[in-house]
Amino acid sequence: MNNNLSSFVVACNDQCTGCRACEVACFTVHNQKDNKVAHTVGTVEIPVTPRLFLTRLEEFCLPVQCKQCEDAPCLNSCSAKAIARIDGVVYVNEDLCIGCKNCMMACPFGALEMLPIAKKGKAVKQTGSDEVRKSAYKCDLCINIEGGPACIKTCPHDVLKLVNLEEDRREKNIKAAIALSLTGNL
C-alpha cells in the first residue's frame, strides 16, 4: 500500500504582486514542443492557456491551481477517463477530454478551466465543425518538463513553493521533538 501523499504548489498571498509571470511560464513550457512557443514577445500565435489562474481580489491576489487531491473529485467525475493519476500527479489528457465540464463542477478549488486546444501552432477544430475544440486544463506540476514546475522557478517574488507533505510532516516532528526536549515536557 502506497502511503505517500501527492505534492502540490502553494502560494503566499501576502507577497504576490499579480505580475502573471507564473501564468506565462506555465503556458510557455507546456507549448514549446507542440506549438513552438518561444521566450520572445510576439512569438505567440495561439490562445494563452496557462494551467494555473491568477485571482485578484481587492485585498490581495493569488495564483489558484490544482491541489493534486488524494481522492480527486475531478478524476472521479471524468466519464471520458481523460483524467488520470500518473506518478502521483493528477493529469488531464487533452486528446481524450470531451469537454463535458464534469471536472470543473467537481473541483472545490475552481482549479480547472475549459480552454482551446492548439497543435502545431493552430487551433484544433472539432470533428465535422469549424468550432475550436476545448479541453480541461489544470496544473500537472510540469510532470514531463525537466526541472519541475515552471511557475515556481519563474516567480520573481518566491511566492510559490512545492509542498511535499511527507517531508513537511517530518520537519515539523523534528522541530516539535527538539522543542519538547528543551522544555523537559517529554
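Residues numbered from 1 in each chain as written. Predicted model: local features only at pLDDT ≥ 70, side-chain atom pairs only at ≥ 80, totals over all residues. Heavy atoms only, no water.

The protein chain has the name 4Fe-4S dicluster domain-containing protein in an unreviewed UniProt entry, where Acetobacterium tundrae is given as its organism.

> I keep staring at the side chain of S6 and nothing clicks. Help me out?
As for its placement among the helices and strands, S6 is situated in the segment before β1 (8-11). A polar atom in the side chain of S6 sits 3.3 Å from the side chain of R85. Apart from the residues within four sequence positions on either side, S6 is in contact with Q68, E70, R85 and G88. (Helix = DSSP H or I, 4+ residues; strand = E, 2+ residues; numbered from the N terminus. Polar contact = N/O pair within 3.5 Å; in protein donor to acceptor, adjacent residues only side chain to side chain. Contact = heavy atoms within 4.5 Å.)

> Looking at this structure, how should I read the nonpolar core?
Considering soluble globular proteins, one finds that nonpolar side chains tend to be buried as a cluster. If you look at the biggest cluster of nonpolar residues, it comprises 29 residues, and the most contacted ones within it are C74, I83, C103, L112, A136, C151 and L160. Those elements that place two or more of their residues in this core are α1 (21-35) and β5 (89-92). In terms of residue count, the dominant contributor to this core is β5 (three residues). When sequence neighbours within four positions are dropped, the list of residues in contact with C74 reads I83, V90, C103, A106 and L112. (Core = buried A, V, L, I, M, F, W, Y, C linked by side-chain atoms within 4.5 Å. Buried < 20%, exposed > 50% of the residue type's maximum accessible area, 1.4 Å probe, protein only.)

> Whenever I open this one, the state of the cysteines confuses me. Can you help?
Note on terminology: a disulfide is the covalent bond linking the sulfur atoms of two cysteines. Evaluation of the coordinates by the stated rule reveals zero disulfides. Here C69 stays unpaired: no disulfide links it, and the sulfur of C66, its closest cysteine neighbor, is 6.1 Å away. (Disulfide = S-S within 2.5 Å.)

> Is there a simple way to explain α1 in this structure?
For an α-helix the count is 3.6 residues per turn, leaving residues at separations of three or four pointing the same way. The terminal C-alpha atoms of α1 lie 19 Å apart, and with 15 residues this matches the ideal 21 Å at 1.5 Å per residue to within 8%. Burial in α1 covers these residues: A21, C22, E23, A25, C26, F27, T28, V29, H30, N31 and N35. The inward-facing, buried residues of α1 abut β2 (53-56), β3 (61-64), β7 (118-119), β8 (122-123), α4 (150-154) and β10 (160-163). K36 lies just past α1 and shows a positive phi near 55°. (Expected span 1.5 Å × (residues − 1).)

> Is there a simple way to explain the pairing of strand β4 (residues 83-86) in this structure?
Sheet faces and side chains relate simply in a regular strand, where the side chains alternate between the two faces. Pairing analysis gives four bridges linking β4 to β5, with the strands arranged antiparallel. Across the sheet, the residue bridging to A84 is Y91, located in β5. Remark: two residues form the turn of the hairpin made by β4 and β5, two consecutive strands paired antiparallel; D87 in that turn has positive phi of roughly 50°. (Pairing = 2+ DSSP bridges.)

> I tried to follow the layout of surface pockets on my own but got confused; where do I start?
A water-sized probe rolled over the atoms picks out the places where empty space is left. Volume-wise, the largest pocket comes out at about 510 Å³. Around the largest pocket, the lining comprises 26 residues; the ones closest to its centre are H30, D34, R51, Y91 and E94. If you tally residues by element for the lining of the largest pocket, the top one is α1, at seven residues. Along the lines of polarity and charge, the residues of the lining of the largest pocket split into ten nonpolar, eight polar and eight charged. (1 Å grid on protein atoms, 1.4 Å probe; cavity = no way out; pocket = protein on both sides within 12 Å on 5 of 7 lines; lining within 4 Å. Points joined across faces, edges and corners; volume = space filled by probe spheres on them. Nonpolar A, V, L, I, M, F, W, Y, C, P; charged D, E, K, R; others polar.)

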